[in-house]
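# Observations on the model geometry
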Amino acid sequence: MDMEGILRPLSLVGGALVITLIVGWIADKALRRVDARRPETPLWGLLRRGRRPFRLVLVTALLRGGLPSAELAPWNERVVGQALTLVLIGACAWLGVRVAVAVVEAMYARYAAAAPDPARVRRVRTQVTLIQRIVGAAICVVAAAAMLLTFPDMRTVGASMLASAGLIGIVAGVAAQSTLQNLFAGLQIAFGDVVRIGDTVVVAGEWGKVEEITLTYLVVATWDERRITMPVSYFTSRPFENWSRSSPRMTGTVFLHLDHSAPLELMREHLHQVLKASLEWDERNWSLVITDTTPTTIQVRALVTAKDADDLWALRCMVRERLIGWLRREHPYALPRLNTAPAPDAPEAPAV
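### With respect to the overall build of the protein chain
Each helix and strand in the protein chain was counted, giving 13 helices and eight strands. The buried share of the protein chain, reckoned over its 352 residues, is 33%. The contacts of the protein chain with a sequence gap of at least 6 include a subset with a gap of at least 24, amounting to 65%. Per element, the accessible surface of the protein chain, about 21700 Å² overall, is 63% carbon and sulfur.

Structure (structure tokens):
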């Protein structure tokens, strides 16, 4: 190979890289300026995430378009051209996914900033997440099909593939029955408002928050930082508790077993003082009543409210601790105790 045959490909690669770097820098600079001028619109900042696939698309397109000028051997030109075409299709798919995610995320950010209802925001967030996954999967499928169609052999067998598509679909449907069930369950969850990201749920006896929802599975983060992965079909076929579906506000109770001589009026006053000094109490409701009695104790129930499950748990623990401590210091006689006093003598039965 002569020197000219080496310089032409090198000049093509070097020119494509230089043009890509210049155009990429200009595009990134323009997005930065627009983002700085319009901070209320997060789209321009999110679009900057696609600068890598954009540069890959640009350099691949320049190389593919300028390939004839390199004057390679026919066989080498076909191989290099095929490889560049495949890379270009993959890069376009990558860029398409990034742009779609940026547009959807920008729309969600503007909606979340203006929406006053947290429940609706969580619902839209769940739908946005699944829409992103569906769009990404669709783009990947289209890109894979486009890659296959670039091979001449795949075009010739296209007719036979279409003819057997019905049979293949039936077989695939039977084989992937559980997968399709989870897929449709994921769509039902996204648009049926059954459960949303951020909801507090109780499933299989475990309490936690929904951390992630995909088309096939759902992740619940428990209070002790474990992760429970469950198929989404579980939430469409079995009952479960959703503590924040309509509103995250909750009502909780604290039960105490005390002596019959417990000062209930003083306890009510002290409970109210404890709640007023607490940041977790949302000031909606509170009460203290006797709910049950036994020969030796009474059951006292303190009712409190909070804005969500986390604050309610902390509030219940604090109320229980403060009331027990107050009774132990100020009214120790009110705590349950074992009566060991001797029983009075029974009266003698009259003589018959």
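### Thoughts on the confidence of the model for the protein chain
On average, residues of the protein chain score 78 in pLDDT, and 79% of them are at 70 or above. Below pLDDT 50 for its whole length, residues 157-168 participates in one contact with residues either more than four positions away or in separate chains. Across residues 170-177, where pLDDT falls below 50, the model places one contact with residues more than four positions away in sequence or in other chains.

### Considerations on the pairing of strand β8 (residues 298-306)
Within a regular beta strand, the side chains point alternately toward one face of the sheet and then the other, so they alternate between its two faces. When you tally the buried positions in β8, you get eight out of nine residues, the bulk of the element. When strand β6 (residues 250-258) meets β8, the two strands line up antiparallel, connected through nine bridges. If you follow V254 over to β8, its bridge partner there is A302. The pairing of strand β7 (residues 281-293) with β8 spans eight bridges and is classified as antiparallel.

### Looking at the sheet that holds strand β4 (residues 227-231)
Judged by pairing direction, the sheet is antiparallel, and its five strands sit side by side in the order β4-β3-β2-β1-β5 without closing on themselves. This sheet does not close on itself; its edge strands, each paired only once, are β4 and β5 (241-242).

### Some details on a positive patch on the surface
A cluster of basic residues, R49, R51, R52, R55 and R98, forms a positive patch at the surface. You can see R55 is positioned in helix α3 (residues 51-65). What makes R55 partly exposed here is its relative accessible area of 31%.

### Structural notes on a nonpolar patch on the surface
Among the surface-exposed residues, V18, I19, I22, V23, W25 and I26 lie close enough to one another that they form a single nonpolar patch of about 560 Å² accessible area. Along the chain, I26 falls in helix α1 (residues 3-37). For I26, a relative accessible area of 47% translates into the label partly exposed.

### Examining the pairing of β4
Going residue by residue along β4, you find I228 and M230 tucked away on one face and R227, T229 and P231 left uncovered on the opposite face. Relative to β4, strand β3 (residues 217-222) runs antiparallel, the two sharing five bridges. Following the sheet pairing, L218 is matched in β4 by M230. Connecting β3 to the antiparallel partner β4 that follows it, the hairpin turn spans four residues, and E225 within it adopts a positive phi of roughly 70°.

### Notes on the pattern of salt bridges
Applying the stated criterion across every chain yields a total of 10 salt bridges. Note that D199 is salt-bridged to R196, the shortest N-O span being 3.2 Å. Like D199, the residue R196 is buried in the burial classification. For the salt bridge of K209 with D310, the shortest nitrogen-to-oxygen distance reads 3.1 Å. Within this pair, whereas K209 is found in strand β2 (residues 206-213), its partner D310 is found in helix α13 (residues 309-330), the two being separated by 101 residues in sequence.

About the cut-offs
- Residues numbered from 1 in each chain as written.
- Predicted model: local features only at pLDDT ≥ 70, side-chain atom pairs only at ≥ 80, totals over all residues.
- Heavy atoms only, no water.
- Helix = DSSP H or I, 4+ residues; strand = E, 2+ residues; numbered from the N terminus.
- Buried < 20%, exposed > 50% of the residue type's maximum accessible area, 1.4 Å probe, protein only.
- Contact = heavy atoms within 4.5 Å.
- Areas by Shrake-Rupley, 256 points an atom, 1.4 Å probe, with all protein chains shown as cover.
- pLDDT = per-residue confidence, 0-100.
- Pairing = 2+ DSSP bridges.
- Patch = residues over 30% accessible without salt bridge, like charges linked within 9 Å, V, L, I, M, F, W, Y side chains within 5 Å.
- Salt bridge = Lys/Arg side-chain N within 4 Å of Asp/Glu carboxyl O.
- Lys, Arg positive; Asp, Glu negative; His and termini not counted.
- Charge placed at Lys NZ, Arg CZ, Asp CG, Glu CD.

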